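Observations on the three-dimensional arrangement
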Amino acid sequence: MTEEEAATLASGLIATNANALTLNALQGYLAAAADLLRGSIDQADFKAYIFPMMFFKRISDVYMEEFAEALEESGGDHEFAAFAENHRFAIPEGNLWADVRNRTENIGTALQTAFREIEKANPETLYGIFGNANWTNKDKLPDRMLADLIEHFSTKTLSNAAVAPDVFGNAYEYLIKRFADQSNKKAGEYYTPRSVIGLLINILNPVESESIYDPACGTGGMLIEVIEHVKAAGGSPKTLWGKLYGQEKVLATSAIARMNLLLHGVEDFRVLREDTLRNPCFYTGNHLAQFDCVVANPPFSLKNWGVAEWASDKWGRNALGGVPPKGYADWAWVQHMLTSARPKTGRVAVVLPQGALFRPGTEAKIRTNILQSDVVDAVIGLAPNLFYGTGLAACVLILRLGKSTEKKGKVLFINGESLFKRGRNQNTFEPEHARQLLDAYETFGYIDGLARVVDLDDIAGNHYNLNIPLYVAPADTGEKATLADALANLEVAHAQSTRTRAGLEAELAKWDIGQDITV
């Protein structure tokens, strides 16, 4: 792009900035962009293409906005306006949005080249952020389709003045939710319902300057909610800069999380791509880094998660009760998160399948160890079919390393299985449901059909089984069970049957009686 073209484009941006986009207009604009891919790209893969394009347009427009401001400040000095000090991100010459827009053929190659050049120019902040989508596959992405997509994005200016970071961030979250709705089962890998996130963060109650860590951060929703929580409490989100940490195994998802934080205006954070259980990224010497708040919605009952390495885990996570079974990583996540929590201020909130509360074997040993250490603060049951990709009921486990005196030796059980809005394919957890559970948690007392505080001795009497109905019978709402509810109940019954059989076999073994039992 020549100096004259840059000056013209910059002045055009200034004129356009006077018309700021509303959130509704921005959401419609982004949704229409995704619709242009229909028929060529699987809906589950929309995010791998739309998010990089949107981010490229945003940083290009912001770059030109910064260029225009520096040009005005310097009295028209183009060399000064291009100085790196005047820009949030470096965009090498020939790799701006306008440069790619001028291409009429091999557009996918031009996009991919621009992405890699921008990543290389910003190694500390943008390396790998555009993901690994195949932009050069002309069968899926012919030049005509990419040209239409670029022209659509070009109809709006996405500078800071035209779209404030909060507005852009909210629109980005809307698009993540929209893609999750469309891809459904696959969305469970990266998306947690916003009301569930809000519940977890409100319970942990992070405050200014505290450190936050999400070891299974998906698209970054938990970290974004922490910022919103601190802001709503009258705090300064900038006190969190440099204190937000996330790890995510999937490259494209970790890239989306980084874009999410950047588009929300977060200037300093660390989200790294790696397998958390096998290769945690945050540590000092031989010890895992420790944080004030550790929060996650990890994959349910992950298979082949690294059980062999866990037996000799150099981070000492297996010291919390032993090694979880090969086919269920749920308690491995709990062990990791507890080890990553600060000794006095550490709070942990983790979403688990309810089966983790009562399954026998090595999981029971870990559960017993953690309960005996008196860090379990609350067990909160959620309704079935709230999460994409599974109809099972989940729960939230709250752990505190510095329990208050009045909570020591006690665990709060909350049965929220009836708190949901029924949907055709998916139940939803509404804000009012989250508020009701939060109120029950903060009350920390008996609420008929909803909550009860239980002494650890009573839990020990149940062999450290945390199955919520043992302690809080659900209120009778008069609703009939759906198929999803029935399937969830079936899994609970099957797990209980397995536990009963294991106990029976253990007793038979003591008497040296054959164990060929049919159940």
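In case you missed it, the structure is sitting above this.
Here goes a summary of the coordinates provided. (Residues numbered from 1 in each chain as written. Predicted model: local features only at pLDDT ≥ 70, side-chain atom pairs only at ≥ 80, totals over all residues. Heavy atoms only, no water.)

Details of the overall build of the protein chain
From N to C terminus, the protein chain includes 17 helices and eleven strands. Scored against the burial criterion, the 519 residues of the protein chain give a buried share of 52%. As displayed, the protein chain has an accessible area near 22900 Å², and 50% of this comes from carbon and sulfur atoms. (Helix = DSSP H or I, 4+ residues; strand = E, 2+ residues; numbered from the N terminus. Buried < 20%, exposed > 50% of the residue type's maximum accessible area, 1.4 Å probe, protein only. Areas by Shrake-Rupley, 256 points an atom, 1.4 Å probe, with all protein chains shown as cover.)

Here we look at the packing of aromatic side chains
In this structure the tally under the stated criterion is 19 aromatic pairs. Centre to centre, the rings of Tyr29 and Phe153 are 5.7 Å apart; their planes meet at 90 degrees, and the pair counts as edge-to-face. Taken as a pair, Tyr29 in helix α2 (residues 23-35) and Phe153 in helix α7 (residues 143-153) lie far apart in primary sequence, 124 residues in all. Each of the two residues, Tyr29 as well as Phe153, counts as buried. Ring centres 5.0 Å apart and planes at 40 degrees place the aromatic pair Tyr283 and Trp315 in the tilted group. (Phe/Tyr/Trp six-rings, centres within 6.5 Å; stacked < 30°, edge-to-face > 60°.)

Things to note about helix α15 (residues 431-443)
Given a rise of 1.5 Å per residue, 13 residues ought to cover 18 Å, and the 18 Å separating the end C-alpha atoms of α15 matches this to within 8%. Each element contacted by the buried residues of α15 is listed here: α9 (194-204), β8 (376-384), β9 (393-400), β10 (410-415) and β11 (451-455). Phi turns positive, to about 50 degrees, at Phe444, one or two residues after α15. (Expected span 1.5 Å × (residues − 1). Contact = heavy atoms within 4.5 Å.)

Overview of empty space enclosed by the protein
Applying the stated criterion across every chain, the model contains one cavity of 30 Å³ or more. One number sums up the size of the largest cavity: a volume of about 60 Å³. Lining the largest cavity are Lys47, Ala48, Pro52, Ile129, Phe130, Gly131, Asn132, Ala133, Ala252, Ala255, Ile256 and Met259. Only α3 (46-73) and α11 (251-263) provide two or more residues apiece to the lining of the largest cavity. Of all the elements, α11 adds the most residues to the lining of the largest cavity, at four residues. Classifying every residue of the lining of the largest cavity gives nine nonpolar, two polar and one charged. (1 Å grid on protein atoms, 1.4 Å probe; cavity = no way out; pocket = protein on both sides within 12 Å on 5 of 7 lines; lining within 4 Å. Points joined across faces, edges and corners; volume = space filled by probe spheres on them. Nonpolar A, V, L, I, M, F, W, Y, C, P; charged D, E, K, R; others polar.)

Remarks on helix α13 (residues 330-339)
Taking burial as the measure, the ten residues of α13 include ten buried ones, the bulk of the element. Taken together, the buried positions of α13 are occupied by Asp330, Trp331, Ala332, Trp333, Val334, Gln335, His336, Met337, Leu338 and Thr339.

Side note on the side chain of Glu225
In this fold, Glu225 is placed in helix α10 (residues 221-232). Discounting chain neighbours no more than four positions away, the residues touching Glu225 are Arg194, Ile197, Gly198 and Ile201.

Focus on the pattern of salt bridges
One pass over the structure, following the stated rule, counts 24 salt bridges. Residues Lys249 and Asp275 are paired through a salt bridge, measuring 3.7 Å at the closest nitrogen-oxygen approach. Taken as a pair, Lys249 in the loop between β2 (244-248) and α11 and Asp275 in the loop between β3 (270-273) and β4 (283-284) lie far apart in primary sequence, 26 residues in all. The class for Asp275 is buried, based on a relative accessible area of 12%. Ionic pairing is found between Asp330 and Arg359, a salt bridge with its closest N-O pair at 2.6 Å. Note that Asp330 is positioned in helix α13 and Arg359 in the loop between β7 (347-353) and α14 (362-372), a separation of 29 residues in sequence. Salt bridges linked by common partners bring Lys249, Asp275, Arg278 and Glu309 together as one network. (Salt bridge = Lys/Arg side-chain N within 4 Å of Asp/Glu carboxyl O.)

Quick look at the packing of helix α6 (residues 107-121) against α7
It is at 8 Å that the axes of α6 and α7 come closest, and there the two elements cross at 55 degrees. The angle between the axes of α6 and α7 places the two elements in the oblique class. Contact residues: α6 offers Ile107, Gly108 and Leu111, while α7 offers Asp143, Leu146, Ala147 and Ile150. (Axes fitted to C-alpha atoms, helices over the stretch in contact; angles between N-to-C directions. Parallel < 35°, antiparallel > 145°, perpendicular 65-115°, else oblique.)

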